[in-house]
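Notes for the structure review
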Amino acid sequence: MLVQFLDNKPLYYDEIDYTRMPRIYAKIKKHLRVPKIIHLIGTNGKGTTGRFLDSALYSLGFKTGHYTSPHILAFNERIWLNSENVSDVKLNQAHQELLALLSKEDADALSYFEYTTLLALLVYQECDYVVLEAGLGGEHDATAVFENILTLVTPIDLDHEAFLGTTIEEIAQTKLNAVQSAAIIGMQKHPEVLEVAAKIASEKGLKIVSFTEYLNTEDNVKIAQISEELLLAPYLQMNLKLAIAALNYLGLSYQTKEFSNAKLFGRLSRLSDNILLDVGHNILAADSIAKSLDGEKYTLVYNSYKDKNYKEILRLLKPVISNVEIIKVDEERIEEAAVLKEAVVDLSLEYSEFNELSNDKNYLVFGSFSVAETFLKKYYHG
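Let us look at the structure shown here.

Conventions used here
Starting afresh in each chain, residues are numbered from 1 along the sequence in its written order. The predicted origin of the model limits local features to residues at a pLDDT of at least 70 and limits the giving and counting of side-chain atom pairs to 80 or more, whereas totals for whole chains, interfaces and linings rest on all residues. In computing side-chain values, all of the structure's heavy atoms are included and hydrogens and water are not. Salt bridge criterion: a side-chain nitrogen from Lys or Arg within 4 Å of a carboxyl oxygen from Asp or Glu. At least two DSSP bridges between two strands are required for those strands to pair. Per the convention used, a helix needs a DSSP run of H or I reaching at least four residues, while a strand needs a run of E reaching at least two, with both numbered from the N terminus. Whenever a helix is involved, its axis is fitted only over the stretch in contact; in every case the axis is a line through C-alpha atoms, and angles between N-to-C directions fall within 0 to 180 degrees. Residues are treated as being in contact if the distance between any of their heavy atoms lies within 4.5 Å. The scheme is simple: roughly parallel for angles under 35 degrees, roughly antiparallel for over 145, roughly perpendicular for 65 to 115, oblique for anything else. By convention the crossing between two helices is left-handed if the near helix lies anticlockwise of the far one by an angle smaller than a right angle, and right-handed if it lies clockwise. Under the scheme applied here, ten amino acids are nonpolar (Ala, Val, Leu, Ile, Met, Phe, Trp, Tyr, Cys and Pro), four are charged (Asp, Glu, Lys and Arg), and all others, including Gly, are polar.

**A closer look at the pattern of salt bridges**
Under the counting rule described, the total for this entry stands at 13 salt bridges. A single network of salt bridges, built from pairs that share partners, joins Asp307, Glu331 and Arg333.

In structure tokens, the structure reads:
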């Protein structure tokens with residue numbers, strides 16, 4: 001079974017063999033059909049941008065796939081097929097097909113993400129379009145081995161510095177090196193991203209343009225209507241604009257109804273009147289959410305991985321935080337409680353351990369997918 005097979009693979013590595021995925025894919029490539037792939041790279045917004053685009057394409061009558069990661073509650077969330085989570089039956093069928101193509105040595109050698117990326121391609125054999133979201137970086141990501149028709153670039157910021165680089169320029173270079181022929185760039189916080197993009201476009205003869213080149217007045221009217229219907233926060237509206245720019249690039253006409261089921265769970269999702277949940281876990285996400293909530297005060301249910309800049313994240317969220325409640329997450333990568341508490345105290349924020357929900361508080365559950373999973377499984381039964 002797939003679950004047992006994946007459980008034997010580590011989720012994270014201190015070092016990554018960037019040659020493994022291209023080498024193994026080359027061996028089985030001739031047996032696979034590659035649909036029209038739209039590759040998504042960036043630091044934030046890949047999930048919602050991909051879901052907006054996939055939902056519209058499916059509503060327009062195409063067979064579609066949206067590959068995203070990680071998942072919150074079930075692995076099937078990663079492989080969206082024709083506007084819904086892939087079934088266990090389809091997953092296990094694809095797993096058996098993939099094992100038949102791979103040698104045992106290669107199947108065992110592939111990382112969790114590399115294997116599931118190939119698995120997704122097996123699931124998507126009959127699709128017309130596939131929106132493929134990079135897991136880490138761009139140039140060396142497992143998703144970059146497939147030929148694609150377009151790259152979409154969401155906001156790029158500092159994240160995963162140990163693998164991608166310590167400056168915006170280095171991270172942008174690593175991500176944008178994944179562009180194969182054409183790319184549309186979404187709104188960027190750092191001008192260095194656009195400078196790197198222009199340099200790569202010039203050196204490689206690629207078409208890399210701003211999303212504004214594929215939006216007109218009529219699009220902006222539709223975007224406002226869709227945003228109102230879906231109650232989209234401003235940063236989610238930017239992701240919608242990038243998805244619509246992609247539709248226009250592809251020459252596909254759309255109506256607002258194409259996006260009626262497009263919002264991705266876990267992105268400033270309202271679970272109840274007093275609970276918001278967001279799986280953002282980096283500086284750019286914190287900044288976007290603080291601006292979206294615009295001074296409203298929340299009890300922050302929070303925890304963080306050791307490799308995240310949680311001090312800066314908490315500083316950015318402080319204007320919308322009344323107090324912090326640290327949720328216990330049973331995972332190796334989570335920061336030690338004493339160290340995290342020290343960061344909270346340094347910002348003059350009150351803290352306690354999170355134990356239960358209260359009806360007289362407004363909550364913002366924010367952190368990582370692990371925080372969201374723990375909260376939903378142990379504390380929220382809505």
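**Some points on the sheet that holds strand E12 (residues 321-326)**
Taken in spatial order, the six strands make up an open sheet running E9-E10-E14-E11-E12-E13, and their pairing is mixed. The open sheet has two edge strands with one neighbour each: strand E9 (269-272) and strand E13 (351-353). For this sheet, the mean inter-axis angle between neighbouring strands, taken without regard to orientation, is 25°. Pairing analysis gives four bridges linking strand E11 (residues 298-302) to strand E14 (residues 363-366), with the strands arranged parallel. Residue pairing across strands places Tyr302 opposite Phe366, the latter belonging to E14. Relative to E14, helix H12 (residues 283-293) is tilted by about 165°, and along the sheet it contacts strand E10 (275-278), E11 and E14. Against the sheet, helix H14 (residues 337-346) contacts E11, E12 and E13, and its axis sits at roughly 155° relative to E13.

**So, the packing of helix H8 (residues 168-176) against helix H9 (residues 191-204)**
Where H8 contacts H9, the axes come no closer than 9 Å and their chain directions differ by 45°. Overall, the two elements H8 and H9 adopt an arrangement that is oblique. In the crossing of H8 with H9, the sense of the turn from one axis to the other is right-handed. Across the interface between the two elements, Ile168, Glu169, Ala172, Gln173 and Leu176 of H8 pack against Glu192, Val193, Val196, Ala197 and Ile200 of H9. Of the residues in the contact of H8 with H9, the class split is seven nonpolar, one polar and two charged.

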